[in-house]
Amino acid sequence: SQQGEEDPQALSIQEGENATMNCSYKTSINNLQWYRQNSGRGLVHLILIRSNEREKHSGRLRVTLDTSKKSSSLLITASRAADTASYFCATYTPLVFGKGTRLSVIA
Amino acid sequence: DVKVTQSSRYLVKRTGEKVFLECVQDMDHENMFWYRQDPGLGLRLIYFSYDVKMKEKGDIPEGYSVSREKKERFSLILESASTNQTSMYLCASSFDVETQYFGPGTRLLVL
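## Focus: the layout of surface pockets
Approximately 580 Å³ is the volume found for the largest pocket. The wall of the largest pocket is formed by 23 residues, among which S86, K99 and R102 of chain A together with Q37 and P39 of chain B lie closest to the centre. For the lining of the largest pocket, the secondary structure elements donating two or more residues are β9 (85-91) and β11 (101-106) of chain A together with β4 (31-38) and β9 (87-94) of chain B. For the lining of the largest pocket, the per-class residue count stands at six nonpolar, 13 polar and four charged.

## Description of unusual backbone geometry
Residue and element names in this part refer to chain A. Going from D7 to P8, the amide bond is cis rather than trans, its omega being 0°. Structurally, P8 can be placed in the loop between β1 (5-7) and β2 (10-14). With a phi close to 55°, K70 is a non-glycine residue in the positive phi region. Topologically, K70 is positioned in the loop between β7 (61-66) and β8 (71-76). Accessibility expressed as a relative area gives 30% for K70, which makes it partly exposed. The backbone of A78 shows a phi angle near 45°, a positive value even though the residue is not glycine. Owing to a relative accessible area of 40%, A78 belongs among the partly exposed residues under this scheme.

## Overview of the interface of chain B and chain A
Every contact between the two is made by 21 residues of chain B and, on the other side, 19 residues of chain A. Interface of chain B and chain A: buried area, both sides summed, is about 1,500 Å²; carbon and sulfur atoms make up 52% of it. When the area that chain B buries against chain A is broken down by residue, the three leading residues are L43, E98 and F102 of chain B, summing to 31%. Applying the counting criterion to the chain B and chain A interface returns zero salt bridges. At the junction of chain B and chain A, the tally comes to six residue pairs in polar contact (both at pLDDT 80 or more). Elements represented by at least two residues in the side of chain B that touches chain A include exactly β4, β5 (42-49) and β9 of chain B. With four residues, the single largest contributor to the side of chain B that touches chain A is β5 of chain B. Looking at the side of chain B that touches chain A residue by residue, the classes come out as 12 nonpolar, six polar and three charged.

Conventions used here
- Residues numbered from 1 in each chain as written.
- Chains lettered and ligands numbered in written order.
- Predicted model: local features only at pLDDT ≥ 70, side-chain atom pairs only at ≥ 80, totals over all residues.
- Heavy atoms only, no water.
- 1 Å grid on protein atoms, 1.4 Å probe; cavity = no way out; pocket = protein on both sides within 12 Å on 5 of 7 lines; lining within 4 Å.
- Points joined across faces, edges and corners; volume = space filled by probe spheres on them.
- Helix = DSSP H or I, 4+ residues; strand = E, 2+ residues; numbered from the N terminus.
- Nonpolar A, V, L, I, M, F, W, Y, C, P; charged D, E, K, R; others polar.
- Buried < 20%, exposed > 50% of the residue type's maximum accessible area, 1.4 Å probe, protein only.
- Contact = heavy atoms within 4.5 Å.
- Buried area = accessible area lost by both parts, 1.4 Å probe.
- Salt bridge = Lys/Arg side-chain N within 4 Å of Asp/Glu carboxyl O.
- Polar contact = N/O pair within 3.5 Å; in protein donor to acceptor, adjacent residues only side chain to side chain.

Below you can see the structure in the form of structure tokens.
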């Protein structure tokens, strides 16, 4: 399977702390995307990073990509209770999703 | 804003019934996708379509079929529903091969 793997499976932090999630994949990619899913809902696209990029920012989100290690990380700074959700990385065409990281932000 | 709608949020069917899950997008996207999501297994691609009347098998097509008669509509069909098809079904569409836009999901229970 070409499925990406997120790590950790679950993460619980206090409001205001930073949350870091990692994603590893298996073969070469053109880009890697991160999505968010609130409980029982559809997924929402957060950010896309291309294979020739090393870092990308969007608001409180920071994504890094290391193609030599076939890994990416998603950092959410100054987390809020509303950030509580599952986060997925996705690669390849058509998109293949990992199993996700469940983030709980405690107020 | 892109809008992807799914015909039902919750659905309860009996084993052996034929089930239709409908997905409609309003942004003239070429590509449409059906996934199922199960605890511990993540999202798995069932079928996708790059154009009207075209379809491609994903990772787990067994027990499913699809129909794409119009660009905006992509239907997932369970020919004879079974209990192991109880799941959350997610539809998505995209203009290119990158960003996908998802519907709210249909939670199907097969009794």
